[in-house]
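Each chain is listed here by its residues.
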Amino acid sequence: MQLSQNQGLSKVYSLSMVKSFLIWTFTLGVCLLVVGFPLVVLMVTIGALLAIALQSVLPVSAVLLVAGALIGGNILAVVAGAALLTLKGVNPQEVRWLHWLHGEANPLHTSIYAACPLTCDLDS
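Residues numbered from 1 in each chain as written. Predicted model: local features only at pLDDT ≥ 70, side-chain atom pairs only at ≥ 80, totals over all residues. Heavy atoms only, no water.

**Q** Tell me about the side chain of Thr 86, residues and numbers included.
**A** The topology assignment puts Thr 86 in helix H3 (residues 62-88). A residue is classified by how much of its surface remains accessible, and Thr 86, at 7% relative accessible area, is buried. Within the structure, Thr 86 has its side chain in polar contact with the backbone oxygen of Ala 82 (distance 2.7 Å). For Thr 86, the residues in contact, after removing those within four places along its chain, are Met 17, Ser 20, Phe 21 and Trp 24. (Helix = DSSP H or I, 4+ residues; strand = E, 2+ residues; numbered from the N terminus. Buried < 20%, exposed > 50% of the residue type's maximum accessible area, 1.4 Å probe, protein only. Polar contact = N/O pair within 3.5 Å; in protein donor to acceptor, adjacent residues only side chain to side chain. Contact = heavy atoms within 4.5 Å.)

**Q** Before we move on, could you go through the environment of Thr 27 and cite the residues and values that matter?
**A** Positionally, Thr 27 belongs in helix H1 (residues 2-34). Look at Thr 27 and you get buried, because its relative accessible area is 0%. As for Thr 27 and Leu 98, which are separated by 71 residues in sequence, their C-alpha atoms are 8.7 Å apart. Side-chain polar atoms of Thr 27 contact the backbone oxygen of Ile 23, separated by 2.8 Å.

**Q** Could you give an account of a nonpolar patch on the surface, with specific residues and numbers?
**A** Together, Leu 33, Val 34 and Val 35 make up a nonpolar patch on the protein surface, roughly 330 Å² of accessible area in all. One can find Val 34 in helix H1. Under the relative-accessibility criterion, Val 34 is labelled exposed at 59%. (Patch = residues over 30% accessible without salt bridge, like charges linked within 9 Å, V, L, I, M, F, W, Y side chains within 5 Å. Areas by Shrake-Rupley, 256 points an atom, 1.4 Å probe, with all protein chains shown as cover. Salt bridge = Lys/Arg side-chain N within 4 Å of Asp/Glu carboxyl O.)

**Q** Please provide a residue-by-residue account of helix H2 (residues 37-54), values included.
**A** With 18 residues, H2 should cover 26 Å at 1.5 Å per step; its first-to-last C-alpha distance of 25 Å lies within 8% of that length. Along H2, the residues that are buried comprise Met 43, Gly 47 and Ala 51. One side of H2 carries all its buried residues, which in axial view fall inside an arc of 70°. Opposite its buried face, H2 presents the exposed residues Pro 38, Ile 46, Leu 49 and Ile 52, each directed more than 90 degrees away. Contact partners of the buried residues in H2: H3. (Expected span 1.5 Å × (residues − 1). Arc of directions from axis to C-beta.)

**Q** Would you mind going over the environment of Leu 70 in detail, with residue names and values included?
**A** In this fold, Leu 70 is placed in helix H3. In the structure, Leu 70 is positioned 27 residues away from Met 43 in sequence and 7.5 Å away in space, judged by C-alpha atoms. Excluding anything up to four places from it in sequence, Leu 70 contacts Met 43 and Gly 47.

**Q** An account of the side chain of Ser 20 is requested, with residue identities and associated values reported.
**A** Considering the arrangement of structural elements, one finds Ser 20 in helix H1. Residue classification places Ser 20 among the buried positions, given a relative accessible area of 10%. Beyond its immediate chain neighbours, meaning those up to four positions away, Ser 20 contacts Thr 86, Val 90 and Pro 92.

What follows is the structure, given as structure tokens:
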């Protein structure tokens, strides 16, 4: 009986780790694309210059090499960051700025409609 309960808890824990890793991968990828847009523009500029410089040495595969290195580096950075956060035990539900990820509303203000001062105090 004890062995079957241990295996069940281990399975739940590993599924929780996989879920946390996938959530972190998605979140870091979105943050790289949205918030890191200036960084992406800088990487594209440096990559284009590097591809032009490598064109004389590797005429056929310079662009492929540079593009593969940039895309692979970005994917590696996102996956390594997600793995590091998952292994440290940082749960995405505990992070304050990720309230949009698990559906909790955090409105800064409530809407006041223009007709409300005229109609809100009326009893039907």
